Amino acid sequence: MKRFITVTAALCLPLLAAAQIRPLETAVFPESDTSKVYTVAGYRHGISFFPKVKNRHVAYEATDDVRFDRFHSAEVIYTFMKRFAETYPDLVDLYEIARSYEGRPIIQMTVTNKKTGRPTVKPAAFFEGNRHSGEVTSAESVLWLMNHLLTNYGRDAEITNILDRNAIYLRPVNNPDGHNMYIHTAQSNRSTVRPFDQDGDGLLDEDSPVDLNGDGNIVRMRYKDPKGDYVIDPRDSTGRIMKFVGAGKGDYKVVSEGIDHDGDGRIGEDGIGGLDLHRNYPENWRPMKESTGRGWTQGGAGEYPLSETETRAVVSFLLDNPNIYVVNSMDTRVPMHLRPPSTSKSEERMYPEDLKWYKYFDRLGNSITGYDKAGDVYYDYSNGAGTPLFGHGPDFGYFYYGAIWYGDELWDNARPKEDLNGDGEKDELDQLIWDERENGGTGFIPWQEYDHPAFGKVEIGGWDPKFFSQNAPSKHLEPWIRNEALFNLEMVSHLPALEWKGHAVKKIKSYRTDSADYRVQITYRNIGKLPTALKQADLVKIVKPDRFNIEFTGSSEQSAEGGKPHYMVLDSTLSQPRRPRNPAMAASAAPSGKYFREAGYAEGESDNTLEFKVRVYGNSTLGVKASLSTTRAGTLEEREFVIVEK
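Quantities reported herein were computed from a predicted structural model and do not represent experimental measurements.

(A) Summary view of helix α1 (residues 74–87). Under the 1.5 Å per step criterion, the end-to-end length of α1 is 20 Å for 14 residues, consistent within 8% with the ideal 20 Å. Along α1, 11 of the 14 residues are buried, which leaves the element largely enclosed by surrounding structure. Looking only at α1, the buried set comprises A74, E75, V76, I77, Y78, T79, F80, M81, K82, F84 and A85.

Set out below in structure tokens:
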């Protein structure tokens, strides 16, 4: 259920609807606490509390204007959303859509011109960020789009037209628990913070990585070992880059920063949480374990489909709003425009007419973002290996929900695009050069000596795991989030859009009794590019066929004199709504002159015509009121057309 809200710098404060205030209890979360410790909820066998950090790439206080030269904490994102709601009341509804595992509000915004109709009667899009804890670039892209839409409405003709015709639902942070732990501590994880036995030893979260030297980062450790498998890359005169040479062939071991808490020989392999919200969707869901040992399984899938409240909040909202046609639920860091299928090649399962649109958007996306890759999860994501993912969002989005659904990956780990040192390779050495030239040399954290309780003298350092490897350095953030947002906006611009085109009446036969038969044609046009529904949406019945609703006007179905009709529908192409089964109600439900016809689905940039024949008796005046309802292309408001005027 939606709860309309007012958000301040705290994560949960009184809730506000357009004309009502519904207060909720106030919760204080660890990121709002003034202590120096961040405590994660849930029972676990390992550490649940961590030192708080202030990362230089993150804005922890809201500025006067929205800037994208730094990332933002969830509190700041929510503050900006609240400001938008106050500044643009005719365009914005702001509400709580659900509560996370730790009880945080998951906040969503609807953006549309309220004066042109409710969002549910318009074609719609849904854009979500930060399903995965550390993939915070995606949240910034949703916030960028939000700011772009609202500040340009009324100034940019295209954006104005889009918001007049469509509704856009924006959820920048779908996983506030993971987002906040990532932003406020050195910890990171895949998705939810719910305790989980990731290494299968019967213990929950017992082996979290540790920021040993207290620099606010959890990176790598290297230490001398006669059975090592790494050497310092001889090509790197600075001694920063390590080269893998095989077990026992090197003089260094390289491991995660931390301590082996459970004594299994591994460090940091069972940190906070471990379930994956992007393996928890109902379509093609597979369990984490199965009884035979011979079936497909999926790590991180959860106990059952939609077991996690954050995923359930997405699916329940979409099913409650089937007018949503275009979705992008974004991640990091390939980069790639990523779409279904996730368990087969595209041609093996998708309708050709739907696949045509997906391939079109693949090309369109690449032209805007410049990503190297676009295509399906199963084949293209794995570079042709055919690797399945189960319980995956894109599969739910197309096969279950019948939508255009992308799960795009932003940022590229500063992967070298050219051989900067001329050695014939594009590798880590080129990354170092790029980092020094373009990023002030801050992407690599220098090795520092540390006295480890188990290994003795070690060095701690490596690539910044959060704001170089997983997300863009903040000074390089905006181009990535802007281009992705512009691709999403371009998909919205392709949504179907309906307009009345007109009508035609032709007398086809006259009778001596002063009656005549007429052929009536009423035409509407889909001026948008996408059809009013994908073929898959019709197959799974997530949509209903486009429906003409008409009501004859000017005369009643039966005249008052002698029961003579004024008109009669001549063919069976028009149907009347069913009368009530209750005899008493049916008797009082006199013929109303109301009819309907299902019209299939209109292709993009095409006309659809309703044709019927009617006989008009005597000197009657006859008209018809027509309206059109669709699931994903919105509605056409009632318009009256004249058939015969006496």
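Having seen the model, we can carry on.
(B) View of the pairing of strand β24 (residues 498–510). Relative to strand β25 (residues 516–526), β24 runs antiparallel, the two being bridged by 11 bridges. The residue of β25 that forms the bridge with K507 is Y518.

(C) Geometry of the nonpolar core. M109, F127, L170, I324, V326, F361 and I404 are the most contacted members of the largest nonpolar core, which has 102 residues in total. If we skip the residues at most four places from it in the chain, I404 touches Y325, V326, V327, W357, Y358, F361, M491 and L534. Judged by nonpolar contacts, the second largest core, of 28 residues, contains Y524, Y567, A633 and L636.

(D) A look at unusual backbone geometry. With an omega of -10 degrees, the peptide bond between V334 and P335 qualifies as cis. Its location among the elements puts P335 in the loop between β17 (331–332) and β18 (336–339). A cis geometry characterises the amide bond from P340 onward to P341, with omega recorded as 0 degrees. Its location among the elements puts P341 in the loop between β18 and α6 (346–349). Unusually for a residue other than glycine, L306 sits at a positive phi of about 65 degrees. When you line up the elements, L306 lands in the loop between β15 (250–256) and α5 (309–320). You can call L306 buried: its relative accessible area is 16%.

(E) Quick look at helix α8 (residues 393–400). The buried count for α8 comes to seven of eight residues, which makes it a mostly enclosed element. Where α8 is concerned, the buried positions are G393, P394, D395, F396, G397, Y398 and F399. Looking at the buried residues of α8, the elements they touch are α5, β18, α6, α7 (352–369), β20 (404–406) and α12 (535–539).

(F) Up close: the packing of α1 against helix α4 (residues 176–184). Relative orientation of the contacting elements α1 and α4 amounts to 120 degrees, with a least axis distance of 9 Å. On the basis of their axis angle, the class for α1 and α4 is oblique. Residues A74, E75, I77 and Y78 of α1 form the contact with α4, whose own contacting residues are P176, H179, N180 and H184. When its residues are assigned to classes, the contact of α1 with α4 shows four nonpolar, three polar and one charged.

(G) Here's a closer look at the pattern of salt bridges. If you walk through the whole model with that rule in mind, you get 31 salt bridges. Measuring nitrogen to oxygen at the nearest pair gives 2.8 Å for the salt bridge that ties R104 to E31. Of this pair, R104 sits in the loop between β8 (92–99) and β9 (105–111) while E31 is found in the loop between β3 (21–22) and β4 (37–39), placing the two residues 73 residues apart along the sequence. Three or more residues are tied together by salt bridges with common partners; here these are E31, E102, R104 and D177.

The rules we used
Residues numbered from 1 in each chain as written. Predicted model: local features only at pLDDT ≥ 70, side-chain atom pairs only at ≥ 80, totals over all residues. Heavy atoms only, no water. Helix = DSSP H or I, 4+ residues; strand = E, 2+ residues; numbered from the N terminus. Expected span 1.5 Å × (residues − 1). Buried < 20%, exposed > 50% of the residue type's maximum accessible area, 1.4 Å probe, protein only. Pairing = 2+ DSSP bridges. Core = buried A, V, L, I, M, F, W, Y, C linked by side-chain atoms within 4.5 Å. Contact = heavy atoms within 4.5 Å. Axes fitted to C-alpha atoms, helices over the stretch in contact; angles between N-to-C directions. Parallel < 35°, antiparallel > 145°, perpendicular 65-115°, else oblique. Nonpolar A, V, L, I, M, F, W, Y, C, P; charged D, E, K, R; others polar. Salt bridge = Lys/Arg side-chain N within 4 Å of Asp/Glu carboxyl O.

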